[in-house]
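Structure assessment
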Amino acid sequence: MMKRLVQCAVTLWLLWLGVNGATDQPDRPNIVIIVADDLGWNDVSFHGSNQIPTPNIDALAYDGIILNRHYVPPLCTPSRASLMTGKHPMNIGMQDHVILSDEPWGLGLDQKLMPEYFREAGYRTHLVGKWHLGFFRRAYTPTYRGFDSHFGYLGPYIDYWDHSLQMNETSARGLDMRRNTDVNYDANGTYATDLFNEEAVRIIDSHDRKQPLFLVLTHLAPHTGNEDDPMQAPEDEVAKFSYIQDPKRRTLAAMIARIDTGVGRIYRTLEGRNMLDNTIILFYADNGAPTLGVHANAGSNYPLRGQKESPWEGAVRGAALIWSRLLPRKGVVSNQWLHVSDWLPTLGHVAGINIPPTPTNPIDGQNQWSTLTTPAAIGRTVVMNNAHEEYSSYIKRGWKYVNGTLLEEFDGWLGQPSESDQLSEQEYYDRLIAPEAIGASMQLDRDSIGRVRSSASLQCTVEMESPCEPLKEACLFNIVDDPCERNNLAKQFPEVLQELEHDVDEYRKRGVEARKKPSDSRSDPARHNFTWTWWVDEMKPHPNPATSLQNLFQAFQNFMNMFVNLFHKLQSSLRP
């Protein structure tokens, strides 16, 4: 009898070994990072608003972990630099500004980037969408910085349909769309968000599952396009949000909906390739929404104070979630302090990549995996948002220091949505579990969703007893009890204010001089076949006549495409 039991056990073990030995799943997890550009706190529905439903994003949130204290720099370039390096922007000279396409600077070549670490560990590394970390020299572009492939654009934004960028300052206009280092003309006329979603799906579909995947999808949406036509979305998508009265916010909803559709497609494609069990999906906003000012997109950070490019929570406390079947917890809201620089050491830890801080490579990010997997774990207690000439924003042990601001019009509680522009709770839930949404297969419980959603929604109950005027003097907030920054406690707690002010001064002293450089006329796309491309220190081979003629024809065709696109826009604007 015992002999037969042993034989049976051995047989079962061999069967198990055969099944598992035949699997082509890598030991290291697949990593998929999805970044939305200028997405507001209140522009996703998992924070409680029913105005802009994001059912696929929400499903990941309810089946994963909502990161309710996820901090990012208040601008695009600094935020991306921090993700890629695991460092604070002010420690690598990327703190104060975004890179304009005619400026000869970028993220320093002395910095080792996230895709380089992962590629060295055996990952296939891909970037889809926005780069915005410099391209004045070819060496600064994505496939020279650790990515095996890049499909997308190099600068700050593009037109959603013809993929051109027009500089506001000089009116220089050129195509900015590439596959690796080659200009891509074929994508003209395809909506950018759909284009990037399709590329992400294609990469997953064609991926060799024996090798781990590292995929970063950095959307254009819902950032505005060029100033001549900033808010762009397919008309059929806009029509789905007819209940939103403000036409600009209605278009914003359509722009976000296309991101949400892509999230669902990526999830389904991973599922179809049997990759979900070994995948981590991180979704977050690169910074808060710009409700007002340049590139305003009608986004809402409400009830948080302020907006993009300001010291307030609306600029630096971004919508974020992480989903994975590797996480022992799900359906929870994390109130641990996280900074975008933490993702390099955190995801590196899960992938078995050692990224120790050294004197020559002082990583600012902290490994937060234990805080994500264990509720009792204590992680970060300090968040440096920014410290430069115009404004400082710093958090320590739940206290927040604010000194200065960019524009006073950015300092209020902006973008409060109309109560009449909301779906009912039933309509929201129906969209969440609709057959085409990924929530339909997650067995989401409505009561549990309600509890999680309530926990993720901010309640601003503190009365404004002492207002903050940051251009006159520094302010202090208890950001745990007062997340909406309504009551300035600087006079009640002068010792705390002084301590935080001293910290900020020390950060500023240790900071690196900003790398920003003035514009360079040699970048003008009219000099480069009406395309934005690298223009410094590039050796150009002697042209042969056939290639020169081909380039001339392509430049003419590209110019005509842009002219036709502008003509159609003018026609549309003149229609009654």
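Now for a description of the structure that goes with this document. (Residues numbered from 1 in each chain as written. Predicted model: local features only at pLDDT ≥ 70, side-chain atom pairs only at ≥ 80, totals over all residues. Heavy atoms only, no water.)

Here we come to the pairing of strand S5 (residues 149–153). Along S5, five of the five residues are buried, which leaves the element largely enclosed by surrounding structure. As paired elements, strand S4 (residues 124–130) and S5 share five bridges and run parallel to each other. The partner of Gly129 across the bridge, within S5, is Gly152. Bridging between S5 and strand S8 (residues 178–179) involves two bridges; their strand directions are antiparallel. Note on S8: the bridge partner recorded for Gly152 is Arg178. (Buried < 20%, exposed > 50% of the residue type's maximum accessible area, 1.4 Å probe, protein only. Helix = DSSP H or I, 4+ residues; strand = E, 2+ residues; numbered from the N terminus. Pairing = 2+ DSSP bridges.)

With that settled, the discussion passes to the pattern of salt bridges. The tally for this structure, following the rule as stated, stands at 33 salt bridges. The closest approach of N and O atoms between Glu469 and Lys472, which form a salt bridge, is 3.3 Å. Linked by salt bridges that have partners in common, Asp37, Arg80, Lys130 and Asp286 make up one network. (Salt bridge = Lys/Arg side-chain N within 4 Å of Asp/Glu carboxyl O.)

If you walk through the whole model with that rule in mind, you get 17 aromatic pairs. On the numbers, 6.4 Å between centres and 75° between planes, the contact of Phe151 with Phe196 is edge-to-face. Of this pair, Phe151 sits in strand S5 while Phe196 sits in helix H5 (residues 192–206); the two residues are 45 residues apart in sequence, bridging distant segments of the chain. Considering the side-chain rings of Phe241 and Tyr243, the 6.2 Å spacing of their centres and the 55° angle between planes classify their relative orientation as tilted. Through pairs of rings, three or more aromatic residues link up here, namely Phe118, Tyr123, Trp131, Phe147 and Phe214. A cation over an aromatic ring shows up here: Arg69 above the ring of Trp337, its NZ or CZ 4.6 Å from the ring centre. When the ring centre of Trp312 is taken as origin, the NZ or CZ atom of Arg305, which lies over that ring, is 4.0 Å away. (Phe/Tyr/Trp six-rings, centres within 6.5 Å; stacked < 30°, edge-to-face > 60°. Lys NZ or Arg CZ within 6 Å of the ring centre and 35° of its normal.)

What follows is about the side chain of Glu103. Tracing the backbone through its elements, the reader meets Glu103 in the loop between helix H3 (76–85) and helix H4 (114–120). Residue class for Glu103 comes out buried when judged on its relative accessible area of 6%. Polar side-chain contacts of Glu103 include one of 2.8 Å to the side chain of Trp105. Sequence-distant contacts of Glu103, that is, excluding residues within four places in its chain, are made with Val98, Phe136, Lys516, Lys517, Pro518, Ser519 and Trp535. (Polar contact = N/O pair within 3.5 Å; in protein donor to acceptor, adjacent residues only side chain to side chain. Contact = heavy atoms within 4.5 Å.)

A separate point is the sheet that holds strand S3 (residues 70–71). Spatially, S12-S3-S15 is the arrangement adopted by the three strands of the open sheet, whose pairing is mixed. At either margin of the open sheet sits one strand with a lone partner, and together these are strand S12 (317–318) and strand S15 (338–339). Examined bridge by bridge, S3 and S15 share two bridges and lie parallel to one another. Within S15, the residue paired with Tyr71 across the bridge is His339.

Before going further, it helps to spend a moment on the pairing of strand S18 (residues 399–404). Moving residue by residue along a regular strand, the side chains alternate between the two faces of the sheet. Among the six residues in S18, five count as buried, and that is most of the element. As defined by bridge partners, strand S17 (residues 391–396) adjoins S18 across six bridges and the pair is classed as antiparallel. Note that in S18 the partner of Tyr391 across the bridge is Gly404. Connecting the antiparallel pair S17 and S18 is a turn made up of two residues, with Arg397 showing a positive phi of about 50°.

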